[in-house]
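Results of the structural survey
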Amino acid sequence: MKEISKLMGFRPEVKVLDATLRDGGLVNEFYFTDQFVKDLYQANIKAGVDYMELGYKADKTMFDVDKFGKWKFCDDDMIREVIGENENTGLKLAVMADVGRCNYKQDIAPKSESPIDLVRVATYINTMPAAVDMIEDAYNKGYETTCNIMAISNAQETDLKVALDILGQSPVDVFYIVDSFGSIYPEQLARIADIFMEFATKYGKQVGVHAHNNQQLAFANTIEAVGDGVNWLDGTYLGMGRGAGNCQMELLLGFLRNPKFNLYPVLQFIEDYMKPLKKEGVKWGYDLQYMMTGILNQHPRTAIAFTNEGREDFCEFYKELVIQD
């Protein structure tokens with residue numbers, strides 16, 4: 001297999017995760033139809049995608065269930081009603097649990113009682129001890145785990161190394177680089193990946209990347225990461241995700257040379273569902289306001305508000321950001 005993979009130009013250990021429902025749900029408050037989810041699930045199976053992230057395990061005492069679609073909460077019974085037990089498909093199911101926003105001890109059942117395979121713990125560097133507690137809880141319940149370190153562009157190198165050293169001693173499977181603000185350039189990503197790989201090698205972990213497209217670099221940063229030894233890659237269909245969106249699944253599968261991946265089901269789903277979503281007025285993707293927050297390494301919340309308000313005074317918005325910055 002190794003000789004064949006060299007000839008064909010692919011690395012068989014690379015895993016692709018579809019985050020369309022989870023990151024895309026931040027665009028439409030997780031209001032996806034059951035048919036959308038069923039067909040996305042089937043598209044991922046046919047495309048050879050390794051993991052499908054369904055949404056969040058959000059704390060229902062913190063978030064009003066009447067203001068969000070069900071994929072904000074990902075109840076096990078609801079997952080079974082929509083896509084079944086997910087047996088013998090080759091596709092694994094994932095959910096995200098945010099530090100401080102998830103009642104994980106209560107809401108995440110043992111793996112033996114759940115169709116979920118992977119719990120992705122999202123944290124900032126300064127909440128790493130709480131993240132490790134969540135990781136240990138999920139591991140003890142039988143799940144695979146990742147730790148998604150958000151806002152990596154704001155991290156000091158010394159703090160990052162301390163956090164990765166702590167994380168490496170936990171049972172987590174994958175360290176995730178998350179460019180939350182879409183502000184990182186490929187050469188910066190390479191340096192960050194080197195640090196992650198150093199600690200991953202030390203502790204026998206894998207490294208993943210989750211990129212945002214504020215500067216139209218989500219795909220570039222993802223393939224840079226592949227070259228740096230990162231094996232877990234996130235993408236979303238047509239780049240659907242918060243604000244400027246994510247690395248486009250169609251570009252990612254087109255780039256990877258592993259013959260197990262099939263681009264056609266992705267294109268079919270985009271034609272049937274993603275393009276109509278855009279026509280219905282659901283907004284995501286690169287635009288000037290997101291570019292500005294990316295360049296200034298700021299959270300995109302102000303750009304999202306700008307978009308939702310229907311503003312087009314881009315120069316005024318830039319002045320607001322610079323003054324704020």
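Thresholds applied
- Residues numbered from 1 in each chain as written.
- Predicted model: local features only at pLDDT ≥ 70, side-chain atom pairs only at ≥ 80, totals over all residues.
- Heavy atoms only, no water.
- Axes fitted to C-alpha atoms, helices over the stretch in contact; angles between N-to-C directions.
- Helix = DSSP H or I, 4+ residues; strand = E, 2+ residues; numbered from the N terminus.
- Parallel < 35°, antiparallel > 145°, perpendicular 65-115°, else oblique.
- Left-handed = near helix turned anticlockwise from the far one by under 90°.
- Contact = heavy atoms within 4.5 Å.
- Nonpolar A, V, L, I, M, F, W, Y, C, P; charged D, E, K, R; others polar.
- Expected span 1.5 Å × (residues − 1).
- Phe/Tyr/Trp six-rings, centres within 6.5 Å; stacked < 30°, edge-to-face > 60°.
- Buried < 20%, exposed > 50% of the residue type's maximum accessible area, 1.4 Å probe, protein only.
- Lys NZ or Arg CZ within 6 Å of the ring centre and 35° of its normal.
- Pairing = 2+ DSSP bridges.
- Polar contact = N/O pair within 3.5 Å; in protein donor to acceptor, adjacent residues only side chain to side chain.
- pLDDT = per-residue confidence, 0-100.

So, about the packing of helix H3 (residues 34-47) against helix H11 (residues 264-279). The angle between the axes and the distance between the axes are what describe a pair of packed helices. H11 packs onto H3 with a crossing angle of 155° between their chain directions and a minimal axis gap of 9 Å. For the element pair H3 / H11, the angle class is roughly antiparallel. Judged by the sense of rotation from one axis to the other, the crossing of H3 with H11 is left-handed. Counting all contacts with H3, which are made through Gln35, Phe36, Asp39, Leu40, Ala43, Lys46 and Ala47, the residues of H11 involved are Pro265, Val266, Phe269, Tyr273, Met274 and Leu277. Grouping the amino acids of the contact of H3 with H11 by side-chain chemistry returns 10 nonpolar, 1 polar and 2 charged.

With that settled, the discussion passes to helix H6 (residues 128-140). Over its 13 residues, H6 runs 18 Å from end to end, which matches the ideal 18 Å to within 8%, given 1.5 Å per residue. Of the surrounding secondary structure, the elements contacted by the buried residues of H6 are strand S3 (92-98), helix H5 (104-107), strand S4 (118-123), strand S5 (144-149) and helix H7 (157-168). Looking at the residues trailing H6, positive phi occurs at Gly142, about 105°.

Let us now look at the packing of aromatic side chains. All chains considered together, the criterion is met by 11 aromatic pairs. Look at Phe63 and Phe68: their rings are 6.0 Å apart centre to centre, the planes differ by 80°, and that puts the pair in the edge-to-face class. Like Phe63, the residue Phe68 is buried in the burial classification. Relative to Phe269, the ring of Tyr237 lies with its centre 5.3 Å away and its plane at 75°, an arrangement referred to as edge-to-face. Of this pair, Tyr237 sits in the loop between strand S8 (232-235) and helix H10 (249-255) while Phe269 sits in helix H11, and the two are 32 residues apart along the sequence. Across the ring face of Tyr176, the terminal group of Arg120 is positioned such that the distance to the ring centre comes to 4.8 Å. Against the face of Trp284 rests Lys278, its NZ or CZ located 4.3 Å from the ring centre.

The next point concerns the packing of H7 against helix H8 (residues 186-203). Interhelical geometry of H7 versus H8 gives an angle of 25° and a closest axis separation of 10 Å. One finds that H7 runs roughly parallel with respect to H8. H7 and H8 meet at a crossing whose hand is right-handed. Facing Glu157, Leu160, Lys161, Leu164, Asp165 and Gly168 of H7, the residues of H8 in contact are Ile195, Phe196, Phe199, Lys202 and Tyr203. Tallied by class, the residues present in the contact of H7 with H8 amount to 6 nonpolar, 1 polar and 4 charged.

Time to look at the sheet that holds S4. One closed barrel holds the 8 strands; their spatial order is S1-S2-S3-S4-S5-S6-S7-S8, and the pairing between them is parallel. The sheet shows a mean angle of 25° between the axes of neighbouring strands, direction not considered. Against the sheet, H6 touches S3, S4 and S5, its axis set at about 165° to S5.

Before going further, it helps to examine the side chain of Ser170. One can find Ser170 in the loop between H7 and strand S6 (174-179). Overall, Ser170 belongs to the buried group, its relative accessible area being 4%. Here the side chain of Ser170 touches Leu167 through a polar contact of 2.7 Å, landing on its backbone oxygen. Leave out the neighbours within four places in its chain, and Ser170 touches Val132, Ile135 and Lys205.

With that settled, the discussion passes to the confidence of the model for the chain. On average, residues of the chain score 96 in pLDDT, and 97% of them reach the 70 mark or higher. For residues 1-8, every residue scores under 50 in pLDDT, and the model assigns this stretch 5 contacts once sequence neighbours within four places are set aside.

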